[in-house]
Amino acid sequence: MDAKARNCLLQHREALERDIKTSYIMDHMISNGVLTVSEEEKVKNEPTQRQRAAMLIKMILKKDNHSYISFYNALLHEGYKDLAALLHGGIPVVSSSDGKDSVSGITSYVRTVLCEGGVPQRPVVFVTRKKLVNAIQQKLSKLNGEPGWVTIYGMAGCGKSVLAAEAVRDHSFLEDCFPGGVHWVSVGKQDKSGLLMKLQNLCARLDQDESFSQRLPLNIEEAKDRLRVLMLRKHPRSLLILDDIWDPWVLKAFDNQCQILLTTRDKSVTDSVMGSPLVVSLIGALLRDFPNRWEYYLRQLQNKQFKRIRKSSSYDYEALDEAMSISVEMLREDIKDYYTDLSIIQKDVKVPTKDLHKKMVTQFQRHHQLHSLTPDQEDCMYWYNFLAYHMASANMHKELCALMFSLDWIKAKTELVGPAHLIHEFVEYRHILDEKDGTDCENFQEFLSLNGHLLGRQPFPNIVQLGLCELETSEVYRQAKLQAKQEVDNGMLYLEWVNKKNMKNLSRLVVRPHTDAVYHACFSEDGQRIASCGADKTLQVFKAETGEKLLEIKAHEDEVLCCAFSADDRFIATCSVDKKVKIWNSMTGELVRIYDEHSEQVNCCHFTNISSHLLLATGSNDYFLKLWDLNQEECRNTMFGHTNSVSHCRFSPDDQVLASCSADGTLKLWDVKSANERKSINVKQFFLNSEEPQEDLEVIVKCCSWSADGAKIMVAAKNKVFLFDIHTSGLLAEIHMGHHSTVQYCDFSPHNHLAVVALSQYCVELWSMDSGLKVADCRGHLSWVHCVMFSPDGSSFLTSSDDQTVRLWETKKVCKNSATVLKQEIDVVFQENEVTVLAVDNIRRLQLINGNTGQIDYLTEAQVSCCCLSPHLQYLAFGAEDGAIQILELLNNRIFQSRNAHKTTVRHIQFTADGKTLISSSDDSAVQIWNWQSEDPFFLQAHQETVKDFKLLKNSRLLSWSFDGTVKVWNITTRRIEKDFVCHQDTVLSCDISSDGAKFSSTSADKTAKIWSFELLSPLHELRGHKGCVRCSSFSVDNTMLATGDDNGEIRIWNVSNGELLHLCAPISVEEGASTHGGWVTDLCFSPDTKMLVSAGGYLKWWNVLTGESSQTFYTNGTNLKKIHVSPDFKTYVTVDNLGILYILKILE
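Chains are numbered independently. Their residues run from 1 in the order of the written sequence. Given that this is a predicted model, residues contribute local features only at a pLDDT of at least 70 and side-chain atom pairs are listed and counted only at 80 or more, while totals for whole chains, interfaces and linings are drawn from all residues. Processing note: side-chain calculations cover all non-hydrogen atoms of the structure and skip hydrogens and water entirely.

The helix count covers DSSP runs of H or I at least four residues long, the strand count covers runs of E at least two residues long, and both are numbered beginning at the N terminus. Of regular secondary structure, the protein chain possesses 29 helices and 64 strands. Each residue is placed in one exposure class: buried if its accessible area under a 1.4 Å probe, protein chains only, is under 20% of its type's maximum, exposed if it is over 50%, and partly exposed if it falls in between. With 1149 residues in all, the protein chain has 53% of them scored as buried. In what follows, residue pairs with any heavy atoms lying within 4.5 Å of each other are defined as contacts. Look at the contacts in the protein chain between residues 6 or more apart in sequence, and 50% of them connect residues 24 or more apart.

In structure tokens form, the structure reads like this:
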């Protein structure tokens, strides 16, 4: 072996030994003649997979260059593409001028070319057929470098494959005709998925340096295109050999303008003699005594009358099929099993398929158990993909229900293949599953649909914890609870969501098709498919019912901003920041057209609504609208008139008019036939006031949507939605969404007066355009919603968001369940086993919630910005947006009002331990102290900027921190500053106080945290290492550790005595663009025994303090948790997410 090849193998030896499975790789090497059967046995005798791999590599190191090449090709063929890439640089170069092999007469050049191309070695028993080999070579020579086919016909077992291999086992023939090499593909009987795998493997072999693409083709059409380019550009004048082609449709995938030699069965011959030399050889036994009966036997074979081939005096078996059966029975037991498993059944033989499917299930049950089926088992993927199919086909309804309603099966399958295939099976076998319990089927399908965005990500979530979030009546919850209790006994941590019965899931399906923001999504005209596009530059197509992916296309060189189905569903249009518009075949993903006449990014695209003559409209930042006829390569019309970017366009229902929206503040209507402007509506005028000149006002008209009758059009701009009459241009309705909202998108229902509107604060709302009233809120997205769209029948609508998901909602369900949601500013009091929550809802009501029973007392209405409870639940206090503060006595509803209000919104408010004094801070720089039962409030004023927050100390002391970078200690009796710490050069974001009252911590936007003694004005330790703003900190109860959390989702645990780092929690991102904590770490709390830490951020996480590893994750429906309230015994947790959902969680015991 060359030194370079040997060194490469040694360099990557450890990776190869760790990952490869030797059995199939050795099969390839034995067929290539570089490994002997005795060597294979020696490898197999090693006890572990790694030791077997080590032994194989040790053998290869002692062999020649051909062994290295054979091993390399085996890795590629078995799907170890990454490992093969490691060995690619060491492939030895074998010169075509090498001498002849003295034994076989074949040069080293030929051996290397055929070995690299995967051409099989000669069989042990070999008969030379020079005449046939020469005939094949002559036919191939006549191709003369031009694309063409040469076909070898023959019945099964006649040696077609051997002839094809012998034809290219010739030095001069290869050099003259196919200097680019030979590439062998064993095809056989294939379905579409099997054919795709063959094409993917071939593309990987032809593109070993990944110069064309690092991603395998995702469908047959893409693979066909990739193969054509690779053969023409990287492997010109090479020969592609397709061995054992069964079906004509398979050939179309390889029809790519190259030179092809194929082997197949001649249909006329197979019709005559059943296409099997085995049958003919068996007839030979009958012909021995009756040689003149051949015509009779042939006629019976042609008529497929096996039973009429009767026994003779010297033949003991009733018929041929019985003879074949007896032949099998005479084999050794181990060989008999192989024969049974590998037997091939002719297409025209009627087979009792139910029995076969039942045998498959029995085989699974005999050799496997659900919980023991692991990914490293070779047949694992087969069972995950087809076990349910076999059960359904065998009418094993009871077994199918047990499988599909098993949380173990769902966990195992989703972890390997994601949730979409399972959802598809629930839909496919719904008629069977409903026989047991339709509710169970609905529960499991809904569980998968609504958690699909979590189940398709890494690290894989704890499915038992997800199941515990289901309603207690659900079978999913019952199984999760059972498993959780068993695992709790072994030290596992699980949380019960106590108040979940008040939660209603309004989404029907949640899909995470992209790795970045989803800018647009739309239904196909038949409502069966959804297309989506976004910042990851891809177009995705998936089933609307299950989320099962149908197409994934790398569509553009930059972000894809919009996509649209054609009216006949044959095409999908996409447009992008790269200034291009592309048309795709919606079924195959094939690129049909590229339009590149826009000079700036293209923001929108929309097809006409009638399929008889398809037109596409596009709008761009170049201020132009363009109309495209798909039958033409150039733009049909360009429409001038807008004076700023065109943001959106839509055809009227009858396709006579095109509406367009622009950043110039106008809505324009265009005549489609003439491309002339019909009218322009100045939307900007509705935002003018006397104080602001028109030229200074910027109004971007975001989008528009037609009513079903085409008489009205809805328009969205800034924080308003307008409804205009098309004929008069008159304003029919105006809906104001609130000062803090921007309308991102809107869509009219195709059948009624409803409109769906996407808002900037992650919310989607349904409005009645007749009454101008809001019908429902839809909360679920974790970031900006970019697009909303009704299905063609209006029964559902979709939403797409920055959070990488597309959600489907049922219109009727949403309209019936408009939920009241809470603001995130809550207060919680824990008393023994009781949990009391004070909260404010979205309609300004103060709610007092019993955490155990769920009972809600509605107290009063006010513009509440923050609230708190007194320690013994006698009083509550709340601050308002206008700076006012009120106290409510719960026993008699008596209200006390502070005479001296804050000047700005009150942000924080808290009672002292005795409940007699109330402390508050606001957006101004003062802290207010109010001994509300005896005297007027007074202010502590010394901070130069807004007070961020405060904490009570012992002995009437108060700690406050501010945007000015200082921390101050106040005596609230004397109203004086006792200590003034200049802590940071940037904002102090949080402080915590040690339980002994001797130390405090400070964290800052300057990415540092510090530990201080109240006795010293300089820090004890400065804690560096965070790469984002350090937003929170918490001392352990024993004061030995401090935990800090930052905006990158990272948590660090420090030694308080010396300032050294003990542990780094969540140190790396698990997916591109997503931190392990899902966002900022906003709050931290140690358990009383300091062994556990809980953190709040994008969701809740519990950490093992001793190891720094995550113990459990609780995924809230929303995100951006501001605070986690923890009971003194560390068993109960309360928080509110940004969707306004309250979570009262208790550790499962």
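Summarising burial for strand β13 (residues 581-585): four of the five residues are buried, a large majority. Sheet topology note: the strand β12 (residues 571-576)/β13 ladder contains five bridges and is antiparallel. The residue of β13 that forms the bridge with I572 is W584. A pair of strands is treated as paired once DSSP finds two or more bridges between them. Joining the antiparallel neighbours β12 and β13 is a turn of four residues, in which K579 adopts a positive phi near 75°. Direction of pairing for β13 relative to strand β14 (residues 591-595): antiparallel, over a ladder of four bridges. Paired with W584 across the two strands is L591, which belongs to β14. In textbook terms, the turn of a hairpin is the stretch between consecutive antiparallel strands, and for β13 and β14 this stretch comprises five residues, one of which, G589, has a positive phi near 80°.

Right, let's get into the environment of R122. Looking at the element boundaries, R122 is found in the loop between α8 (108-116) and α9 (130-142). Note: C-alpha distance between R122 and N32 (90 residues apart in sequence) is 8.7 Å. The residues contacting R122, other than those within four sequence positions of it, are I106, E166 and R169.

This next bit is on the nonpolar core. The biggest cluster of nonpolar side chains holds 103 residues, and the ones touching the most others in it are L400, F426, L433, V721 and F797. If you tally residues by element for this core, the top one is helix α21 (residues 380-393), at seven residues. Setting aside its immediate chain neighbours within four residues, V721 contacts M714, V715, A716, A733, E734, I735, M737, V743, V757 and M769. In this text, buried Ala, Val, Leu, Ile, Met, Phe, Trp, Tyr and Cys residues form a nonpolar core when linked through side-chain atoms within 4.5 Å. Membership of the second largest hydrophobic core comes to 32 residues, among which are C8, A53, M55 and I91.

Moving on, we come to the sheet that holds strand β40 (residues 885-889). A sheet is described by the order of its strands in space; here four strands give the open sequence β38-β39-β40-β41, paired in antiparallel fashion. Two strands bound the open sheet, and with one partner strand each, they are β38 (864-869) and β41 (894-897). Between one strand axis and the next, the sheet turns through 20° on average, direction left out of account. A fitted line through C-alpha atoms represents every axis, and for helices the fit uses only the stretch in contact; the resulting angles, taken between N-to-C directions, go from 0 to 180 degrees.

The strand order across the open sheet formed by four strands is β11-β12-β13-β14, and the pairing between neighbours is antiparallel. Of all strands in the sheet, those with a lone pairing partner are β11 (560-565) and β14, marking the two edges. Recorded for the sheet is a direction-independent mean angle of 20° between the axes of neighbouring strands.

Attention shifts here to the side chain of S1002. Along the chain, S1002 turns up in strand β51 (residues 999-1004). Counted as a polar contact is a pair of N or O atoms within 3.5 Å, where, for protein atoms, one must be capable of donating a hydrogen and the other of accepting one, and residues adjacent in sequence contribute only when both atoms are in side chains. A distance of 2.9 Å separates the side chain of S1002 from the side chain of W1012, its partner in a polar contact. Residues within four places of S1002 in sequence aside, it is in contact with C983, H984, V988, S990, C991, T1008, A1009, K1010 and W1012.

A pair of sulfur atoms, both from cysteines and within 2.5 Å, is called a disulfide here. All told, the structure shown has zero disulfides when counted by the stated rule. Here C866 stays free of any disulfide, with the sulfur of C867 as its closest cysteine sulfur at 7.0 Å. By relative accessible area, which is 3% here, C866 ends up buried.

Before going further, it helps to examine the pattern of salt bridges. Side-chain pairing between opposite charges can occur once the charged atoms of the two side chains come close. Note on definitions: salt bridges are taken to be side-chain nitrogens of Lys or Arg within 4 Å of carboxyl oxygens of Asp or Glu. Counted under the stated rule, the structure contains 35 salt bridges. For D747, the salt bridge is made with R650, and the minimal N-O distance between the two is 3.1 Å. Of this pair, D747 sits in strand β27 (residues 743-748) while R650 sits in strand β19 (residues 646-651), placing them 97 residues apart in sequence. The shortest N-O distance in the salt bridge between K1131 and E1149 comes to 2.9 Å. Here the residue K1131 occupies a position in the loop between β62 (1125-1126) and β63 (1132-1136), and E1149 occupies one in the segment after β64 (1142-1147), the gap between them amounting to 18 residues. Using a relative accessible area of 66% as the deciding quantity, one classes E1149 as exposed.

Pairing of aromatic rings covers Phe, Tyr and Trp, the last through its six-membered ring, and needs centres within 6.5 Å; plane angles under 30 degrees mean stacked, over 60 mean edge-to-face, and all others mean tilted. If you walk through the whole model with that rule in mind, you get 28 aromatic pairs. Taking 5.0 Å as the distance between ring centres and 70° as the angle between the ring planes, the aromatic pair formed by F981 and F1000 counts as edge-to-face. Placement of F981 in strand β49 (residues 976-982) and of F1000 in strand β51 is noted, with a sequence separation of 19 residues between them. In this pair, the class of F981 matches that of F1000, namely buried. Ring centres of F1000 and F1014 lie 5.0 Å apart, and the angle between their planes is 45°; on these two criteria the pair is classed as tilted.

As a further point, take the environment of M55. Structurally, M55 can be placed in helix α5 (residues 49-61). Put simply, M55 and E39 are 16 residues apart on the chain and 9.6 Å apart in space, counted from C-alpha to C-alpha. With near-sequence residues (within four places) excluded, M55 lies in contact with K42, V43 and E46.

Everything listed here is a matter of geometry and, on its own, says nothing about what the molecule does.
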